[in-house]
Amino acid sequence: MGRITEAIKHLIIINVIFFAIPEMMKTEVIQSLFNYFPLYFPKNDSFGIWQYVSHMFMHGSFMHIAFNMYALWAFGTPLEQMWGKNKFMFFYFSAGLGAGIIYTLVNYYQFNNAFEQLINSGMSSEKILSLMNPNLVYENQVLQTVNSTFSYPAVGASGAVYGILVA
């Protein structure tokens with residue numbers, strides 16, 4: 001470990017800014033702006049291709065960002081010292097993008113399986129999609145799977161950090 005390297009320092013600063021702004025400025029404009037950054041399910045209206053990068057800078061709680069940034073510093077610093085800034089940054093973003101893609105593929109598989117079960121039980125696709133709401137919890141496990149996969153976005157640098165841990 002030791003002294004913090006340049007890329008690690010910049011990544012931590014960016015992550016802290018992205019976490020602190022919505023926490024400190026709870027205005028409607030700021031909150032709606034920051035709803036564009038988490039990684040949503042591709043069929044969700046809130047999905048944007050940029051979210052594969054931007055979700056890496058969003059975090060759900062203080063402990064979430066604290067553990068991610070500690071791991072980034074503790075395990076990323078030696079890698080950056082060994083590889084250099086450019087190679088480290090390429091690896092970090094590759095791991096984060098890869099994690100986002102894998103997350104999307106797994107969710108897509110779960111969503112389609114559960115969606116097909118609901119269609120086979122007699123529900124129309126319009127009815128199923130009209131029930132998608134992140135504020136609701138359903139007793140029907142299949143409907144809950146479709147709802148949570150569709151409605152809840154992914155946030156955090158965990159995928160990129162896990163890549164660093166593996167390296």
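This is a predicted model, so every value here is computed, not measured.

As a further point, take the overall build of the protein. In terms of helices and strands, the protein carries 8 helices and 0 strands. Overall, the protein shows an N-to-C arrangement of helices and strands of α-α-α-α-α-α-α-α. Referenced to the eigenvectors of the C-alpha coordinate spread, the extents of the protein come out at roughly 60 × 35 × 25 Å. In the protein, which comprises 167 residues, the proportion classed as buried is 38%. Partitioning the intrachain contacts of the protein with sequence separation of at least 6 by distance along the chain shows that 68% fall at a separation of at least 24. In the structure as shown, the protein presents an accessible area of about 9600 Å², 65% of it carried by carbon and sulfur atoms. Side chains of the protein give 7 positive and 8 negative charges; the mean places of these two sets differ by 13 Å.

The next point concerns the packing of aromatic side chains. For the structure on display, the rule yields 13 aromatic pairs. Arranged with centres 5.4 Å apart and planes meeting at 90 degrees, the rings of tyrosine 92 and phenylalanine 93 form a pair that is edge-to-face. Put simply, the rings of Phe18, Phe37, Phe57, Phe88, Tyr92 and Phe93 touch in pairs and so form one group of aromatic residues.

Bringing the side chain of asparagine 107 into the picture now. Assignment of secondary structure puts asparagine 107 in helix α5 (residues 85-120). Excluding anything up to four places from it in sequence, asparagine 107 contacts Phe41 and Thr149.

Reading the values: rules and limits
In every chain, residue numbers begin from 1 and rise along the written sequence. Confidence filtering applies because this is a predicted model: local features only for residues at pLDDT of at least 70, side-chain atom pairs given and counted only at 80 or more, and all residues used for totals across whole chains, interfaces and linings. In computing side-chain properties, one takes all heavy atoms of the structure into account and sets aside hydrogens as well as water. Per the convention used, a helix needs a DSSP run of H or I reaching at least four residues, while a strand needs a run of E reaching at least two, with both numbered from the N terminus. Only protein chains enter the accessibility calculation, which uses a 1.4 Å probe; a residue whose area is less than 20% of its type maximum is buried, one above 50% is exposed, and one in between is partly exposed. In what follows, a contact means two residues having at least one pair of non-hydrogen atoms within 4.5 Å. With residues, only the protein chains shown are counted as cover, and all accessible areas are computed by Shrake-Rupley using a 1.4 Å probe. Charged-residue counts in this description rest on Lys and Arg as positive and Asp and Glu as negative, His and the chain ends being excluded. For the purpose of locating charges, the reference atoms are NZ of Lys, CZ of Arg, CG of Asp and CD of Glu. Note on aromatic pairs: the rings of Phe, Tyr and Trp (six-membered ring only in Trp) are paired at centre separations within 6.5 Å, and the planes decide the class, stacked below 30 degrees, edge-to-face beyond 60, tilted for the rest.

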